[in-house]
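# Coordinate inspection notes
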Amino acid sequence: MESPLVLYNKINNFGRLLDMKFEVSEPGRVIYSMPVTKDILATTSAAHGGALAAFMDAIIGVASLSAVAEEGKLVSTVEFKINYLNPALLNDQLRGLGKVIKKGKRIIITQGEIFNQKNELLATCTGTLNAYPIEKSDILRSQ
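Residues numbered from 1 in each chain as written. Predicted model: local features only at pLDDT ≥ 70, side-chain atom pairs only at ≥ 80, totals over all residues. Heavy atoms only, no water.

### Thoughts on the packing of helix H1 (residues 4-11) against helix H3 (residues 49-68)
The geometry of H1 relative to H3 is characterised by a closest axis approach of 9 Å and an angle of 150° between their N-to-C directions. For the pair H1 and H3, the contacting residues are Pro-4, Leu-5 and Tyr-8 in the first and Val-62, Leu-65 and Ser-66 in the second. Residues of the contact of H1 with H3, tallied by class, amount to five nonpolar, one polar and no charged. (Axes fitted to C-alpha atoms, helices over the stretch in contact; angles between N-to-C directions. Helix = DSSP H or I, 4+ residues; strand = E, 2+ residues; numbered from the N terminus. Contact = heavy atoms within 4.5 Å. Nonpolar A, V, L, I, M, F, W, Y, C, P; charged D, E, K, R; others polar.)

So this is what it looks like as structure tokens:
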């Protein structure tokens with residue numbers, strides 16, 4: 001069986017739609033990227049907060065997934081709180097950093113940050129995710 005991270009990357013159509021790309025720097029830590037295109041704008045120049053929330057969910061989700069993938073587990077977001085600090089503007093290249101700050105048997109607490117190409121902090125978050133056995137999902141049917 002392939003790693004849950006590899007499987008996730010293969011089936012994540014939403015991530016491909018928004019041109020999200022990630023690299024796991026170590027288990028529990030991820031670096032993500034996403035461009036701000038006209039398709040995610042809420043105004044003539046600023047990205048919709050929902051697009052940034054989706055990006056943040058991916059950031060904390062993959063950070064958590066990378067912490068439990070070797071255990072044959074997947075994760076689902078239980079909740080997260082996001083703070084929008086500055087707008088993400090058209091043509092910005094966003095960089096997201098996610099890290100696990102506490103990993104239990106099932107509950108994972110994470111932090112996430114989104115920066116633009118000028119290294120300006122645009123958003124922060126804390127989140128709670130649930131880890132569960134891969135057999136309880138439909139991901140194996142996607143192979």
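The structure having been displayed, the exposition proceeds.
### Looking at unusual backbone geometry
Positive phi outside glycine occurs at Asp-19, with the angle close to 55°. Exposure remark for Asp-19: the relative accessible area of 35% places this residue in the partly exposed category. With a phi angle near 75°, Asn-91 is a residue other than glycine that sits in the positive phi range. Its place among the elements puts Asn-91 in the loop between strand E3 (73-84) and strand E4 (93-103). (Buried < 20%, exposed > 50% of the residue type's maximum accessible area, 1.4 Å probe, protein only.)

### What to know about H1
Those residues of H1 that sit buried are Pro-4, Leu-5 and Leu-7. Summarising the axial view, the buried residues of H1 lie within an arc of 160°, below the 170-degree limit, and thus occupy one face. (Arc of directions from axis to C-beta.)

### Points about the nonpolar core
Counting residues in hydrophobic clusters, the biggest one holds 37 residues, and the most contacted among them are Tyr-32, Phe-55, Leu-94 and Ile-114. Counting only elements with at least two residues in this core, the list comes to H1, strand E2 (29-35), H3, E3, strand E5 (107-115) and strand E6 (121-133). Residue contributions to this core peak at eleven residues, all from H3. Dropping the residues within four chain positions of it, Phe-55 is found in contact with Met-20, Tyr-32, Ser-33, Met-34, Leu-94, Arg-95, Gly-96 and Ile-114. (Core = buried A, V, L, I, M, F, W, Y, C linked by side-chain atoms within 4.5 Å.)

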